[in-house]
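What follows is each chain in one-letter form.
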Amino acid sequence: MNTAPMILLILVGLVLVFGVGVVVYNRRSSAPLEVEEAPAKIAVEETAVTRSAPPVVIEVDAEVDSEVEVEEPEPTPGAVRRFARAAGIFNGSFAVLRGKDKITSETWDELEETLLRADVGLKTTTALLDTLKSRVGRKDISTPQELLDALQGEMAGQLSSNSRELHFDNSVKMPNIWLFVGVNGVGKTTTIGKVAFAQKASGRSVLLAAGDTFRAAAGEQLETWAQRAEVPIVRGNEGGDPSAVLFDAVQSAPANNSEIVLGDTAGRLQNKSNLMEELKKVRRVAEKEAGTVTEVLLVIDATTGQNGLSQAEQFALATNVTGVVLTKLDGSAKGGIVFAIETQLGIPVKLVGLGETIGDLVPFDPEEYVRELFAEA
């Protein structure tokens, strides 16, 4: 039997099979890999948040940035004028008034101009001066110095009697959630880092939520402050849903034994109603499932003057603001904005920023503040 043709036929068949296999393999290997992932929807009653990835909890190294001052001596009462810059406009005018021997019509004009220039606000200024004019008319006040002393007392009385303590409640559904709102550029992210440092120093466990997903590098900036304060942070995708980041942070808090979640939010222009609606959503989502919002802190740049009051009015309506953090008070000579905020809105100033370092955010002391506004330079 001649086997040569059969062997040849078998060899040809093997070659053909091998060639087809190579072609199929090459086509498959060159085709793009398609992976379709539908974003997960987290339904929270009437409010839904969307995220495209699981929460990322970043544990920071326990090493504080060497450029950040974390320990500063307490100022000795009377030795340091912490609000000297904010008293700038008052100092010059009051010095002139002290040099006069009687109260005239010019005295009232000078006082009005001083209060308005210092951003006390027209409504508050009018109320203060009307009260003082009545007292002068009754002969209770007769000299410029007595007038200034009376003005100091009236201004102190204008400040809110509400508590200025940051509200932490052990009896509510944990964790406590403190939201920080405000327009871009007021120092909101920096404020969160400083509050985180102070709360950790007091013995509380803190988790940061990088909810400003729209401003470029906001997450990186907050992560830097997390590093300085030595606390963990939850971050989401840039341009993602801010509510989802906060929701993830609150859900992650128990695993991190976090008592407080400090939530950053995107900077909002107070005249953009759609953005204010989004802030309302952030507030609603924060309290779904675990966690309780116990503070909503509005951060205002002290150098913005009366525009800061406009911000406060809009944010107060949108998010039920519980307190104000006034930043850059060391760089403003218009400290009267404190009175405008508190008298017109009834919202207490709880913290003030007096510098750039991590320890320069301090509780607001109204008595010290008013005393320094009237102190002789």
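Since we're looking at a predicted model, the values are computed, not measured.

Assigned secondary structure in the protein chain consists of 12 helices and 11 strands. Taking all 377 residues of the protein chain together, 45% fall into the buried category. Partitioning the intrachain contacts of the protein chain with sequence separation of at least 6 by distance along the chain shows that 77% fall at a separation of at least 24. For the protein chain, the computed accessible surface area is about 18,900 Å², with 52% contributed by carbon and sulfur atoms.

Working note: regular strand, side chains alternate between the two faces of the sheet. With 10 of 10 residues buried, strand 8 (residues 292–301) is to be regarded as a mostly interior element. Sheet topology places strand 4 (residues 176–181) next to strand 8; six bridges connect them, and they run parallel. Counted as the bridge partner of Leu 179 is Val 296 from strand 8. Of the strand pairs in this sheet, strand 8 and strand 9 (residues 323–327) are connected by five bridges, and their pairing is parallel. Pairing of Ile 300 across the sheet is with Leu 326, part of strand 9. Handedness of the crossover joining strand 8 and strand 9 through helix 10 (residues 306–319): right-handed.

Before going further, it helps to examine helix 7 (residues 218–229). End to end, helix 7 covers 17 Å across 12 residues, agreeing with the expected 16 Å (1.5 Å per residue, within 8%). Buried residues of helix 7: Ala 218, Gly 219, Leu 222, Trp 225, Ala 226, Arg 228 and Ala 229, and no others. In the core, the buried residues of helix 7 are packed alongside helix 6 (188–201), strand 5 (206–209), strand 6 (233–235) and strand 7 (260–264). Following helix 7 by one or two positions, Glu 230 adopts a phi angle in the positive range, close to 60°.

If you walk through the whole model with that rule in mind, you get 12 salt bridges. Between Asp 241 and Lys 281 there is a salt bridge, with the nearest N and O atoms lying 3.4 Å from each other. With Asp 241 in the loop between strand 6 and helix 8 (242–252) and Lys 281 in helix 9 (residues 273–286), the pair connects residues that are 40 residues apart, well separated along the chain. Residue class for Asp 241 comes out buried when judged on its relative accessible area of 18%. A residue is classified by how much of its surface remains accessible, and Lys 281, at 21% relative accessible area, is partly exposed. The shortest N-O distance in the salt bridge between Lys 350 and Glu 295 comes to 2.6 Å.

Our focus in this paragraph is a negative patch on the surface. On the surface, Glu 106, Asp 109, Glu 112 and Glu 113 cluster together into a patch of negative charge. Checked against the element boundaries, Glu 106 lands in helix 3 (residues 105–117).

Moving on, we get to the nonpolar core. In this structure, Leu 208 and Leu 262 are the most contacted members of the largest nonpolar core, which totals 94 residues. The greatest single-element share of this core, amounting to six residues, is contributed by strand 8. If sequence neighbours within four positions are ignored, Leu 262 has contacts with Trp 178, Phe 180, Ile 192, Val 195, Ala 196, Val 206, Leu 207, Leu 208 and Ala 209.

Glancing now at the packing of aromatic side chains. Enumeration over the complete set of coordinates arrives at four aromatic pairs. Arranged with centres 4.8 Å apart and planes meeting at 20°, the rings of Phe 94 and Phe 374 form a pair that is stacked. Pair noted here: Phe 94 is in helix 2 (residues 88–98) and Phe 374 is in the segment after helix 12 (366–373), with a separation of 280 residues, a long-range link. Judged by centre distance (6.3 Å) and plane angle (35°), the rings of Phe 339 and Tyr 369 are tilted. With Phe 339 in helix 11 (residues 337–345) and Tyr 369 in helix 12, this pair connects stretches of sequence that are 30 residues apart.

Reading the values: the criteria
- Residues numbered from 1 in each chain as written.
- Predicted model: local features only at pLDDT ≥ 70, side-chain atom pairs only at ≥ 80, totals over all residues.
- Heavy atoms only, no water.
- Helix = DSSP H or I, 4+ residues; strand = E, 2+ residues; numbered from the N terminus.
- Buried < 20%, exposed > 50% of the residue type's maximum accessible area, 1.4 Å probe, protein only.
- Contact = heavy atoms within 4.5 Å.
- Areas by Shrake-Rupley, 256 points an atom, 1.4 Å probe, with all protein chains shown as cover.
- Pairing = 2+ DSSP bridges.
- Right-handed = clockwise from strand over helix to strand, strands pointing away.
- Expected span 1.5 Å × (residues − 1).
- Salt bridge = Lys/Arg side-chain N within 4 Å of Asp/Glu carboxyl O.
- Patch = residues over 30% accessible without salt bridge, like charges linked within 9 Å, V, L, I, M, F, W, Y side chains within 5 Å.
- Lys, Arg positive; Asp, Glu negative; His and termini not counted.
- Charge placed at Lys NZ, Arg CZ, Asp CG, Glu CD.
- Core = buried A, V, L, I, M, F, W, Y, C linked by side-chain atoms within 4.5 Å.
- Phe/Tyr/Trp six-rings, centres within 6.5 Å; stacked < 30°, edge-to-face > 60°.

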